[in-house]
Amino acid sequence: MSQPLLLAESVSRNFGGLKALDQVSLHVSAGEILGLIGPNGAGKSTLFNCLAGSLPSSGGRIQFNGHEITRLGASRRARLGIARTFQLGKVFSTMTVKENVLAGLGIGAYGSFLRSVTGRVKGESELAQAREILDLFQLHDEAETLVATLPIGVQRRVESARAVATNPRLLLLDEPAAGLTHGEAESFAEIVRRVRARGITVVVIEHNMRFAMDLTDRLYVLVQGRIIAEGPPATVREDPDVVRAYLG
Amino acid sequence: MIGRRAPEEPSGHITNAHSASETVGPTLANIVVTGCLYTLIAIGLTMVYGMLRVLHIVHAGVFAVGAAVGLLIFTTAPVGFWPSLLGAMLAAGVMGVAIYYVGYRWVLDAPRGTPLLVSIGLFITVQSLLEKEFLIGPHVEGFDAATGLPAFTLGGFAFTPIQTAIVVSTAVVCAAVWLLLNRSRLGLSWRALSEDMNMARSLGVPTERAVAINMFLGSAMAGLAGVLVAVYENAVSAHMGEVVAYKAFVVVVLGGLGSIWGAAVAAFILAAFEIGISTTFGGLFPRDAIGFAVLILILLFMPTGLFGKRLD
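As the structure is a computational prediction, the values presented were derived from the model and not from experiment.

## Topic: the overall build of chain A
Along chain A, the regular secondary structure elements total ten helices and ten strands. Its C-alpha atoms put chain A at 55 × 40 × 40 Å along the principal axes. Evaluated residue by residue, chain A yields a buried proportion of 52% over its 248 residues. Accessible area for chain A stands at about 10900 Å²; split by element, carbon and sulfur atoms hold 50% of it. Charge separation in chain A, taken as the distance between the mean sites of 28 positive and 25 negative side-chain charges, equals 7 Å.

And the structure:
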């Protein structure tokens, strides 16, 4: 078996006496779309935060692309190629859609101090890349619109587009279909498949089971901070532990 | 208050020298120059607030240290005004970075009052140190330096060489800040940090480096303003930052906390009100009181300042 792109071994996270994550192990292979599902309070977002470096883990180790990243902060992990979106969405609300994508491109290519001051952020090459990403996320019509004026669903696409603009190897999407209509969710799933086709591996946290089942190649099911099932969606759907966790 | 000191004024108490009998030209020039000085101080202060959400009172201490270091270099090394100015900016910038690492970095997640208390404490410490005899001492030192720039008249505005230096420095600083904010990856990272630190980190912004550079440049501007004010008023004192501490606060609140260009515009509005009213009515209205009256009036009708967003 080839080395996984992301490997988490026995990752734990405690909040005081509460075990939010209990010895969670998972692997993500390059090129796959992996789903992470579970009921409310299962620890999905905590696991995401630990993988992205937004939250230090209390125990265990995490490797990315062969690098030990357990002790690295979020910005170092991002520069190694891990991009993420947030459950509540975080965009530059005072910028236009295109400027958000250009910001992703510019910050993604930050470089040394000298390059951070002299590197272009709105050159021909950057504008061409921005156009390509805007097309990918079906945002060309809103390119010059101020993000704050857009519906939440479109803002989520903007956030994902900006994450892709940082040129990651791994994209972590935190509930990207939340608040979307069925049609919008299907459309977004198609976008995620095209993101994968660009060589970007995707991990998705999702509450929308239909979206997760249709989109992902493989699923992990997290309940009370522990992985209770793993496998292709069709297999996971039939797993008695999963059925019990969701239906009680 | 910033503005040329009248000879009869006691040390450290600075006021507008132009009387009602003076012509409009010098008054307007005084407004422009005072607005420029307020702008220089307020932009640095706003840059720090915009990123860290800290009311950076010790910025006024950095301003005073910049003036003191500028004077020290000018009087001990035969290098002239501009190298002294650069040295002061460098020292002020380093001091700003030190303030972040010694003070703010450890209390950013604490309740909002905590970093403010740290800032006030650092300001008092800096001022007390400057009062020591081996530094400035309790007296006022003169800072009579020639900038080498020419005096010039433009559209009825007559500028002395130091006024020219102030106007040119402000223009250069504003242009540089605009370019940095809008045309550089560093500026993008600052904007990301000012919106949300977690988001900025997730995009790969090297947070510590970006904040340190922000503190360095913002503080260097305070050092620049310190030297320019010191030469303009021919005075350096341990307490010269006191007036700046609250006057800069007025400017950044008027402009809308965190709004750099709002602060710049507010700086000129405040200067115009202060000098316009005090020149027109003589000593009837104290100049500092005018500034605060303007602040209170504007905040009554525009609670988030002239150009700012709601604070929370």
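The structure having been displayed, the exposition proceeds.
## Some details on the layout of surface pockets
Of the volumes computed, that of the largest pocket is approximately 1500 Å³. If you go around the largest pocket, you meet 49 residues; those closest to its centre are B:Gly50, B:Arg53, B:Leu193, B:Ser194 and B:Glu195. Listed by contribution, the elements that provide at least two residues to the lining of the largest pocket are helix H2 (74-80) of chain A together with helix H1 (24-52), helix H5 (161-183), helix H6 (185-195), helix H7 (197-203), helix H8 (207-233) and helix H10 (260-280) of chain B. At six residues, the largest contribution of residues to the lining of the largest pocket is made by H1(B). Of the residues in the lining of the largest pocket, the class split is 23 nonpolar, 13 polar and 13 charged. The residues that make up the lining of the largest pocket include at least three from each of domain 1 (1-81 + 169-248) and domain 2 (90-167) of chain A. By volume, the second largest pocket is sized at about 450 Å³. What lines the second largest pocket is a set of 20 residues, among which B:Val65, B:Ala68, B:Val69, B:Leu130 and B:Leu135 lie closest to the centre. For the lining of the second largest pocket, the secondary-structure elements that each account for two or more residues are helix H2 (59-76), helix H3 (81-102) and helix H4 (113-131) of chain B. Looking at which element gives the most residues to the lining of the second largest pocket, the answer is H2(B), with six residues. Of the residues assigned to the lining of the second largest pocket, the class counts are 17 nonpolar, two polar and one charged.

## Quick word on the pattern of salt bridges
Summed over the entire model, instances satisfying the criterion amount to 15 salt bridges over all chains. Between A:Glu190 and A:Arg193 there is a salt bridge, and its shortest N-O distance comes to 3.2 Å. Separated by three residues within a single helix, A:Glu190 and A:Arg193 lie in helix H7 (residues 182-197), roughly one turn from each other. For A:Arg193, a relative accessible area of 30% puts it in the partly exposed group. Taking the shortest distance from any N to any O, the salt bridge between B:Lys247 and B:Glu274 comes out at 2.8 Å. Taken as a pair, B:Lys247 in helix H9 (residues 240-255) and B:Glu274 in helix H10 lie far apart in primary sequence, 27 residues in all. Note on accessibility: B:Lys247 and B:Glu274 belong to one class, buried.

## A word on the sheet that holds strand E5 (residues 67-68) of chain A
Hydrogen bonding along the main chain pairs the strands of a sheet, whether they run parallel or antiparallel. All names here are of chain A. The four strands are arranged E2-E1-E4-E5 in an open sheet whose pairing can be described as antiparallel. This sheet does not close on itself; its edge strands, each paired only once, are strand E2 (18-28) and E5. When strand E4 (residues 59-64) meets E5, the two strands line up antiparallel, connected through two bridges. Considered in E5, the bridge of Phe-64 is made with His-67.

## A word on empty space enclosed by the protein
Residue and element names in this part refer to chain B. Inspection of the entire model under this criterion finds eight cavities of 30 Å³ or more. Lining the second largest cavity we find Leu-45, Thr-46, Tyr-49, Val-54, Leu-55, His-56, Ile-57, Phe-249 and Val-252. Sorting the residues of the lining of the second largest cavity by element identifies H1 and H9 as the ones contributing at least two each. When its residues are assigned to classes, the lining of the second largest cavity shows seven nonpolar, two polar and no charged.

## Considering the nonpolar core
By size, the foremost hydrophobic cluster in this structure holds 104 residues, and its most contacted members are B:Leu52, B:Trp190 and B:Leu228. Counting residues per element, this core draws most heavily on H1(B), which supplies 16 residues. Counting 38 residues, the second largest nonpolar core, distinct from the first, contains A:Leu150, A:Val158, A:Ala163 and A:Leu180.

## Observations regarding the interface of chain B and chain A
Contact with chain B, which involves 25 residues of that partner, is made by 32 residues of chain A. Both sides together, the interface formed by chain B and chain A hides about 2500 Å², and carbon and sulfur atoms give 62% of it. The largest share of the area that chain B buries against chain A comes from B:Arg185, B:Leu188 and B:Leu203, three residues that together contribute 31% of it. Salt-bridge contacts for B:Asp196 lead to A:Lys90; the nearest nitrogen and oxygen are separated by 2.6 Å. Tallied by class, residues from the side of chain B that touches chain A come to ten nonpolar, seven polar and eight charged.

## Remarks on the packing of H9(B) against helix H11 (residues 287-301) of chain B
Residues and elements named next belong to chain B. Here H9 crosses H11 at 25°, and the two axes come no closer than 10 Å. With respect to H11, the axis of H9 lies roughly parallel. Regarding H9 and H11, the two cross each other, and that crossing is left-handed. For the pair H9 and H11, the contacting residues are Tyr-246, Lys-247, Val-250, Val-253 and Leu-254 in the first and Asp-288, Gly-291, Phe-292, Val-294, Leu-295, Ile-298 and Leu-299 in the second. Class assignment of the residues belonging to the contact of H9 with H11 gives a composition of nine nonpolar, one polar and two charged.

## What to know about the confidence of the model for chain B
Averaged over chain B, the pLDDT score is 85; the fraction of residues at 70 or greater is 90%. For chain B, the element scoring lowest by mean pLDDT is strand E1 (residues 152-154) of chain B, at 80; H3(B) scores highest, at 97.

About the thresholds
Residues numbered from 1 in each chain as written. Chains lettered and ligands numbered in written order. Predicted model: local features only at pLDDT ≥ 70, side-chain atom pairs only at ≥ 80, totals over all residues. Heavy atoms only, no water. Helix = DSSP H or I, 4+ residues; strand = E, 2+ residues; numbered from the N terminus. Buried < 20%, exposed > 50% of the residue type's maximum accessible area, 1.4 Å probe, protein only. Areas by Shrake-Rupley, 256 points an atom, 1.4 Å probe, with all protein chains shown as cover. Lys, Arg positive; Asp, Glu negative; His and termini not counted. Charge placed at Lys NZ, Arg CZ, Asp CG, Glu CD. 1 Å grid on protein atoms, 1.4 Å probe; cavity = no way out; pocket = protein on both sides within 12 Å on 5 of 7 lines; lining within 4 Å. Points joined across faces, edges and corners; volume = space filled by probe spheres on them. Nonpolar A, V, L, I, M, F, W, Y, C, P; charged D, E, K, R; others polar. Domains from an automatic or database assignment. Salt bridge = Lys/Arg side-chain N within 4 Å of Asp/Glu carboxyl O. Pairing = 2+ DSSP bridges. Core = buried A, V, L, I, M, F, W, Y, C linked by side-chain atoms within 4.5 Å. Contact = heavy atoms within 4.5 Å. Buried area = accessible area lost by both parts, 1.4 Å probe. Axes fitted to C-alpha atoms, helices over the stretch in contact; angles between N-to-C directions. Parallel < 35°, antiparallel > 145°, perpendicular 65-115°, else oblique. Left-handed = near helix turned anticlockwise from the far one by under 90°. pLDDT = per-residue confidence, 0-100.

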